[in-house]
Amino acid sequence: MSTDDLAVPPGYATKLFDLSGRVAVVTGGGSGLGAAMAVGFGQIGVHVIAADVNVAGAEATAATIRAQGGSAAAVKLDVTRRDECFGLAAATKRERGAVDILVNSAGSAFRCAAEDFPEEKFDAIIALNLKGSYLCCQAFGQVMLAQGKGSIINVASIGSFIAYPWASAYLASKGGVLQITRALALEWRGRGVRVNGIAPTLMDSPLARAAAQSASITSDFIKARMLRPRPGLPRELIGAAIFLASDASELVTGHVVACDDGYLAA
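Description of the structure in this document. Computed from a predicted model, the values in this text were never measured in an experiment.

1. A few points about the pattern of salt bridges
Reasoning step 1: According to the stated counting rule, one finds five salt bridges in the structure shown.
Reasoning step 2: We note a salt bridge from E84 to R81, for which the minimum N-O separation is 3.2 Å.
Reasoning step 3: According to the relative accessible area criterion, E84 is partly exposed, its value standing at 27%.
Reasoning step 4: One salt-bridge network, in which partners are shared between bridges, spans R81, D83 and E84.

Shown next, in the form of structure tokens:
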């Protein structure tokens with residue numbers, strides 16, 4: 001290694017977070033955390049494809065980005081269908097020339113005591129949260145590996161690391177998301193594709209509010225242990241997403257960043 005390799009070139013740091021002109025696909029981009037991260041990317045010059053089974057929500061996200069001066073499109077995507085995931089990856093590469101960023105934010109939750117948990121609800125949560133993330137990683141990962149670069153960000157949860165009541169299927173799915181993040185990062189390191197994750201605390205999102213309608217025991221358990229008296233806001237994940245998508249995190253892969261206000265540390 002020469003002394004030139006150790007030097008910091010002029011302007012190096014100013015370019016680390018520059019994502020202008022890159023292309024991001026955000027699943028679950030029609031609402032909540034996915035929509036917030038999609039809008040955040042749009043504000044810094046990323047072309048955003050908001051993908052959601054709720055195409056009206058995806059259209060609303062794309063419209064918000066365009067209204068703020070950004071570039072965006074909306075597509076309907078069921079992440080549990082392999083053909084749709086691979087079809088979108090191929091279409092994005094064909095139409096935009098590259099896929100630089102993938103955010104896997106599509107997800108669902110249902111709260112119920114483990115002994116009474118409906119099998120169909122368990123299957124649906126695993127299919128959407130875990131299988132859906134894996135299929136998108138496969139589909140877009142193939143494109144990224146072929147182009148020699150890319151960043152994948154999986155939305156995990158503090159429930160990837162710890163447990164709380166009445167959320168057994170959700171915890172199983174998010175524990176799986178943590179492990180596929182690590183596994184793919186290990187397999188794809190050195191090939192230009194980084195795979196990381198974000199683990200939010202209890203968030204003020206449509207998903208969390210809908211789950212709380214079935215039972216408040218989970219949110220009450222988490223709130224009693226939170227260091228601040230409110231859930232996180234979707235926009236508070238944007239900074240972590242930008243970091244993981246950008247060249248600033250060039251040496252970071254296989255990590256899940258806890259955006260939890262110190263919940264896990266406590």
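2. Points about the environment of L130
Reasoning step 1: Mapped onto the elements, L130 comes out in helix α5 (residues 119-147).
Reasoning step 2: In the structure, L130 is positioned 42 residues away from A172 in sequence and 8.7 Å away in space, judged by C-alpha atoms.

3. Brief notes about the environment of S133
Reasoning step 1: In this fold, S133 is placed in helix α5.
Reasoning step 2: Along the sequence, S133 and V256 sit 123 residues apart, while their C-alpha atoms lie 14 Å from each other.
Reasoning step 3: When residues no more than four places from it in sequence are discounted, the contact partners of S133 are N104, L128, V177 and I180.

4. Looking at the nonpolar core
Reasoning step 1: Counting residues in each nonpolar core, the largest one holds 28 residues, and the members touching the most others are M37, F41, V48, I101, V103 and I198.
Reasoning step 2: Going through the elements one at a time, β1 (23-27), α2 (32-43), α3 (55-67), β4 (101-104), β5 (150-155) and α9 (238-245) are the ones with two or more residues in this core.
Reasoning step 3: In terms of residue count, α9 provides more of this core than any other element does, six residues in total.
Reasoning step 4: Judged by nonpolar contacts, the second largest core, of 26 residues, contains A51, L135, M144 and A185.

5. So, the packing of aromatic side chains
Reasoning step 1: According to the stated counting rule, one finds one aromatic pair in the structure shown.
Reasoning step 2: Ring geometry for F110 versus F117: centroids 5.7 Å apart, planes at 90°, classification edge-to-face.
Reasoning step 3: Overall, F110 belongs to the partly exposed group, its relative accessible area being 22%.
Reasoning step 4: Judged by relative accessible area, which is 14%, F117 ranks as buried.

6. Comments concerning α3
Reasoning step 1: Between its terminal C-alpha atoms α3 stretches 18 Å, which fits the 18 Å expected from 13 residues at 1.5 Å a residue.
Reasoning step 2: Considered for burial, the residues of α3 that qualify are G57, A58, T61, A62 and I65. An end-on view of α3 places all buried positions within 135° of arc, on one side of the element. More than 90 degrees from the buried face of α3, the exposed residues found are A56 and A67.
Reasoning step 3: Along its buried surface, α3 packs onto α2, β2 (47-52) and β3 (71-76).
Reasoning step 4: G69 occupies a position one or two residues after α3 and carries a positive phi of about 95°.

7. Considerations on the sheet that holds β4
Backbone hydrogen bonds are what pair the strands of a sheet, in a parallel or an antiparallel way.
Reasoning step 1: Read across the sheet, seven strands follow the order β3-β2-β1-β4-β5-β6-β7 without closing on themselves; strand pairing throughout is parallel. One side of each edge strand has no neighbouring strand; the edge strands of this open sheet are β3 and β7 (256-259). Strand-to-strand twist of the sheet, defined as the mean angle between neighbouring strand axes without regard to direction, takes the value 20°.
Reasoning step 2: In this sheet, β3 lies alongside β2 in parallel orientation, the contact comprising six bridges. When the sheet's bridge partners are listed, A51 is paired in β3 with V75.
Reasoning step 3: Across the sheet, α2 touches β1, β2, β4, β5 and β6 (193-200), and the angle it forms with β1 is around 165°.
Reasoning step 4: Docked against the sheet, α9 engages β4, β5, β6 and β7, running at close to 165° with respect to β6.

Quick notes on the rules
Residues numbered from 1 in each chain as written. Predicted model: local features only at pLDDT ≥ 70, side-chain atom pairs only at ≥ 80, totals over all residues. Heavy atoms only, no water. Salt bridge = Lys/Arg side-chain N within 4 Å of Asp/Glu carboxyl O. Buried < 20%, exposed > 50% of the residue type's maximum accessible area, 1.4 Å probe, protein only. Helix = DSSP H or I, 4+ residues; strand = E, 2+ residues; numbered from the N terminus. Contact = heavy atoms within 4.5 Å. Core = buried A, V, L, I, M, F, W, Y, C linked by side-chain atoms within 4.5 Å. Phe/Tyr/Trp six-rings, centres within 6.5 Å; stacked < 30°, edge-to-face > 60°. Expected span 1.5 Å × (residues − 1). Arc of directions from axis to C-beta. Pairing = 2+ DSSP bridges. Axes fitted to C-alpha atoms, helices over the stretch in contact; angles between N-to-C directions.

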